[in-house]
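Summary of structural features
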Amino acid sequence: MAPGGMIGFNVDDGFLEAIVRGFRAGVLTSVDYVNLTQCETLEDLRMHLSGTDYGGFLANEPAPLSTAIIAELATKKFVDEFRSIHVQAVEPLKSFMDYLCYPYMIDNMVLLITGTLQNRDISELLDKCHPLGTFDSMASMSIATTPEELYREIIVDTPLAPYFVDCVSMEDLTDINVEIIRNTLYKAYLEDFYAFCARMGGSTAETMCEILEFEADRRAINITLNSFGTALSKDERARLYPNIGVLIPEGMFKLSRADDPQMVASAIDGYPTYRALFQEASENQEKSLEDLFFTREVALCRNTFEMQFHYGIFYAFLKLKEQEVRNITWIAECISQKQRRKINNYIPIW
Amino acid sequence: MRRGSASTSQMGLDQLRSREASLGGGGMLGERDAVGVTSPGAHTPRGGGAGGMRAAGNATGAQKRAHARATGFSSALMPGRSFALFRSERMVHVRLYFDRAAARTTVEELGDTRLFEFQDLNPETSAFQRSFAADVRRCDEMMRKLNYLKAQVLEHDRSALDKSAYDNFDEDEDEGLSSDVRGAALKHTSSESAIGMDDLNHQLESLEKGMQDMNRHDQLLKMQFHQYVEMRLVMDFVAELFLDESRLSLQRKRREQVRSDNKGTIQAKIGELLDPIMHRSSLLDDVEVEEPSALSVGPAKHFGANGADTASGDNRRPKFRTGSSESPSLSYFCGMIESSSLTAYERMIFRISRGNAIVRVSRNAHTVFDPETSETMSKRPVVVFYSGDELKNKIIKTSQAYRATLYTIPVDSSAQEVALARLEERMRDVEAVLESSARQRNEILGQIARDLAKWEATILREKAVFHCLNLLNFDTSVRLFLAEGWCPEASIPEIEQALEEGRRRSNSQVASLMEQQTFREGSAPTYFRLNKFTEVFHSIVESYGIAEYGEVNPAPFLVVTFPFLFAVMFGDIGHGILMAMYALYLILAERRLARKALGEMVQMTFQGRYIIFLMGVFSIYTGFIYNEFFAVPLDLFGTRWFYSMESKMACGVDNCKDPALALPPLVPYPFGFDPIWKSSQTGLVYFNSYKMKLSIVLGVCQMFMGLVLSAENARYFARPLDFFCEFVPQAIFLLSIFGYLVVLIFFKWNVDWTAVTCDPDGLLACGPPDLKSILIGMIMSPGSVPRELSLFPMQAVLQNVLMLAALISVPWMLFPKPFILRARSRTRRGYSALEERSANEFVLDDEAAAGASGGDDDSGDKAPFDFQEIMVHQMIHTIEFVLGAVSNTASYLRLWALSLAHAQLSDVFLEKLVMLPYEAGSVVGMAIGACLWLAATIGVLMLMESLSAFLHALRLHWVEFQNKFYNLHGSGHKFAPFEFRRAASPADE
């Protein structure tokens, strides 16, 4: 089960690791970003991107470019890369990469449910779904009106089924329930993935567990911060915290009791990493906590490339590319809306 | 020769045109010299250009082509540029000034000469900030439109693209092959493009728009047609279903009548139906019963509405029609669904209805073309029976999710017939419209296809020109464009001609200027004019490293040594003939083959056809020396040995008075080995001894040649230190040990050992001494030579001297150079301040012309002198040479080893596969053996063995030969002239 370590890793996964490292070399560097931020129009942006690994990905788009098109095609590009790796992967890397797709499935599902609740057209919603999170019965999501139906008719076919069990007992699909479903699913997913990585052992466990713990902590903090002023009770909230992460147990306990951002800050006071992030966020008006979390995530992902013979880089590749697309979109958005002042708020990767 | 005549004709024609009758033939020649031989050093931009300008003014395409061919072919052969392959051609750094109006045409003309490398004058500016970024973008945009049209043409009909038109642009021609065709095509487009870019843009735009409109229209019609097709399929299926099942049900009913008295009510039957697992087959009855209610809704009316709907346009979403009434009892949908999602669909229907809906699927899948995705897919008609409104909505949504298209079908058979008839009628109509629009489309696409290749070339060319213009500087003070770059010194007239032609074409009044500049040593690019013959040899060298500017290029030597060393390992007349014939075929058919897509292996041999040919020819030669023809010795001149019954040994034919003495022949076999050796028991020993020694001799010669070339480099670059502190001791070292060995070899060969009379008290050896022992003895026990190893008097003294020389040469290689360098750097430091100042002045002067060339004129010279580094480097170099001298010499023994392997392998194949069956006398065995022998000869010897010999020859050249002199001071960079083929090729893919 364990992916070989130094001795056997290359037998099955060496080729793919090499490919990912190749893709990593194409990730935009800070020089590229500096150039991108100097673009006057989206046309300039296109021209500059055509000189990078993105190549002619916008070549066949007619002249007035939109940010949405850029984001969509950039996403499509890394999704294609990811898929080409995915189809070549063998177990256990295949399962690992399956796991990487689940969060997108969860997001898509939630998007579809909320969309349906607001009576949006399903095909329009489908276009908005993330391509990595597609599953067969996605389109029929709108049939379901209660969580139970949802589970019985649709989710049961997807890999998300085991995560959904806790939600079946909910009565109906209201906005807040959908949010709860999302977070419950996410929690179950994180725990499952964490266990999966831990089982794998070696460097994979080492790198992935660190990242996943961070992910869990981030979710816990975000849930807490976002829950203020909503109808979510503290008990319910505590149930959404993943059972992993460095905040366990004390930090989580304190978080579960938090009533306002101040208490959240004191809850994480004993954890230097998060305390530093909080401090920076409070001192620096430009950067939100969210951005700082992303920065931290990028740093963690970057670190995975320092080691060899582990699966963490597949995860890191996906996350870094996602961040890169966010960056490009941000820059493009700033350019098209003439908000040059904010253009430097992207998160450089290399 | 060729060059002479070609250039005479070219320049002569030009002159003839411009000066017409005023000058006779003699004048023509004189003029040619004046222009052709103008020494670039003394060349003033204007004066020299004058002749060229006028000439160029009248130059027609034909002359230019002739000219292109002349320059292409000339290279190493022509007198003025002789040794073009030996050293990089002399390059000059020039600065060109031209008017803004002339910029585009000038760059285009320069691109056509393929002789000018532009330097990027604004390296700091990113791509989109350059002056012509907008034009590049416009080209991109045009390219996008063109790609759209191309895709349309391809989609429509691949063959419609005028293949031949594309071939002209695609093929990777050698200079001589088809450059005239291509040149003509490009010229043609270029002259057009000057005016035509805007027009072309408009044309492309209108075409694209037209195509898009047409496609949209077509799409609508096709969608409609698609729906009709599907609908008919569904109708057929429904009709079949109902027909079949009603028949079945009739039988069933009869049976039931017999069995049970209770007919049951409608409701009861629906109840039956709703439990489909138990009563699957009872469905039909119920449907029949339901029929009236379905009919009452009037499906025909629905259908009419449908048609209108579809025509009106919103085709993107599938239409859903309920097949029947609002009645609370049983209703159904029918439609089409993709075969692949069928199972999931059925499962989903089952799940949402909790088994209360029944799906009926046709057994036959139909292949349907979906215009929306332009894909053909396999679809099946499907009918879903359900009951209740709640379920209806869910089924609609599910169907939507699974991309099932639902249709309304009248249930009544007569209504069905009416609907079918109407449907067919509509289908005919739509089909007719589609057909006529397809015709129209064909016509337009045909027209487009004809011009596509031309347009593409024009746009790519235009884009390349703008890219190039982006590298230039616009001097606002004099309102001139400024280009800097490299060109071969010998091509200055061509460049000037291009400048003038560019000016003329743009009707610019401002003359273009050219100015030569000084350049820093080592910054010039390396350029060799190659032809299709020298190309392959040069590419072998270049895969090792690109020659420094001015450095000796080993390629011209490779032309001979490479095939020769190969042949030493591959000596066999028969194999050589096979190889040469194959290569000859490739050479003779090269025009045809160059156009064809060959397999990877064949392509490789095609590229190396000239070297393979030479390898074959040399193999024939060495084959004659080794006297092997498919491992059979040829007795061409009559063997000089004679076997007699009296003795085991053979004796010379002309010296066989007493056979028992077995004396060698007085007159040897005139060429190569005597054929008798092949059958002799001592043959192998004899061959080995010869080949081994030969390898050493060849190796030492080639290595010494390498050393000599390093001396030549030292001379050329005026590095006396390299000559006296590296070449001289290295040569002494190599010659004193291995040169001595070679001398010994020849010495030993020259002694007639049978005639040596042995003096018991003498100092010299009586029999042939072992040369290895001599060499080992010379190093291990200097001063004493045992008698059986002495070849000549004073041998010990000579050996001592040589040893001493070799020993001295090692520290000589190691120490002087670094110390002298250090001493020099110390003296120079005293002057450094002054030097710096003068350098600054120089820069200031230069700045007046243009502040452009900054950045690259700080140099390695001023880097602080690091004695340690140089010492270490020198130490490595020395150790490498000293050890290398031994190991490289030993390495040449591979010549012998491979030659032996080759001879033995072909021997074994012949022996075991041909001779053995022949001796056994079996005809079948002989036939099989001959086939196997042929297979082994081609597969093992001609392919594998030759490949291995090739690789070993390659290694001997790269490692043993070239490391003596090539790329010792770092490699240079290649001259990359601006040319259209290269600029266009990446986008071509």
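Residues numbered from 1 in each chain as written. Chains lettered and ligands numbered in written order. Predicted model: local features only at pLDDT ≥ 70, side-chain atom pairs only at ≥ 80, totals over all residues. Heavy atoms only, no water.

Attention shifts here to the overall build of chain A. Secondary structure summary: chain A contains 17 helices and zero strands in total. The long-range fraction of contacts in chain A, counting pairs at least 24 apart against all pairs at least 6 apart in sequence, stands at 64%. Here chain A has roughly 15200 Å² of accessible surface; of this, 52% comes from carbon and sulfur atoms. (Helix = DSSP H or I, 4+ residues; strand = E, 2+ residues; numbered from the N terminus. Contact = heavy atoms within 4.5 Å. Areas by Shrake-Rupley, 256 points an atom, 1.4 Å probe, with all protein chains shown as cover.)

Judged by nonpolar contacts, the single largest core of 199 residues is most densely connected at Leu45, Phe96, Met109, Phe193 and Phe314 of chain A together with Leu96 of chain B. Take this core: its biggest share by element is 14 residues, from helix H6 (residues 93–117) of chain A. Judged by nonpolar contacts, the second largest core, of 80 residues, contains Met569, Leu614, Trp641 and Ile676 of chain B. (Core = buried A, V, L, I, M, F, W, Y, C linked by side-chain atoms within 4.5 Å. Buried < 20%, exposed > 50% of the residue type's maximum accessible area, 1.4 Å probe, protein only.)

In this section: the interface of chain B and chain A. With 21 residues of chain B at the contact, the number on the chain A side is 25 residues. Considering only the side of chain B, the residues that lose the most area to chain A are Phe128, Arg144 and Arg351 of chain B, jointly responsible for 32% of the buried surface there. In this structure, the connection of chain B to chain A is made through one salt bridge. The shortest N-O distance in the salt bridge between Asp44 of chain A and Arg137 of chain B comes to 2.9 Å. Counting across the interface, chain B meets chain A through one residue pair in polar contact (both at pLDDT 80 or more). Per-element accounting of the side of chain B that touches chain A gives the leading share, six residues, to helix H6 (residues 133–156) of chain B. Residues that form the side of chain B that touches chain A fall into these classes: eight nonpolar, five polar and eight charged. (Buried area = accessible area lost by both parts, 1.4 Å probe. Salt bridge = Lys/Arg side-chain N within 4 Å of Asp/Glu carboxyl O. Polar contact = N/O pair within 3.5 Å; in protein donor to acceptor, adjacent residues only side chain to side chain. Nonpolar A, V, L, I, M, F, W, Y, C, P; charged D, E, K, R; others polar.)

Looking now at the pattern of salt bridges. When their charged atoms lie close together, side chains carrying opposite charge are able to pair. Evaluation of the coordinates by the stated rule reveals 45 salt bridges over all chains. Put simply, Arg218 of chain A and Glu215 of chain A hold a salt bridge, and the shortest N to O gap is 3.3 Å. One end of the pair, Arg218 of chain A, and the other, Glu215 of chain A, are both in helix H11 (residues 202–227), three residues apart, so they sit about a helical turn from each other. When sorted by exposure, Arg218 of chain A lands in the same class as Glu215 of chain A, which is buried. The residue Glu89 of chain B makes a salt bridge to Arg529 of chain B at a minimum N-O spacing of 2.8 Å.

This paragraph deals with the side chain of Gln795 of chain B. Residue and element names in this part refer to chain B. The topology assignment puts Gln795 in helix H27 (residues 795–814). On the basis of relative accessibility, which here comes to 2%, the residue Gln795 falls in the buried class. In this view, Gln795 contacts Tyr740, Ile774, Val785, Leu789 and Ser790; residues no more than four positions away in its chain are not counted.

Here we come to the UniProt feature "transmembrane region" (unreviewed entry) in chain B. Residue and element names in this part refer to chain B. Listed under "transmembrane region" (unreviewed entry) in the UniProt record, and renumbered for this structure, are residues 564–588, 609–626, 694–711, 723–747, 796–815 and 923–944. With 88% helix and 0% strand, residues 564–588 has end C-alpha atoms that lie 23 Å from one another. A distance of 25 Å separates the end C-alpha atoms of residues 609–626, which is 100% helix and 0% strand. (UniProt positions renumbered as here; feature names shortened; annotations may be inferred.)

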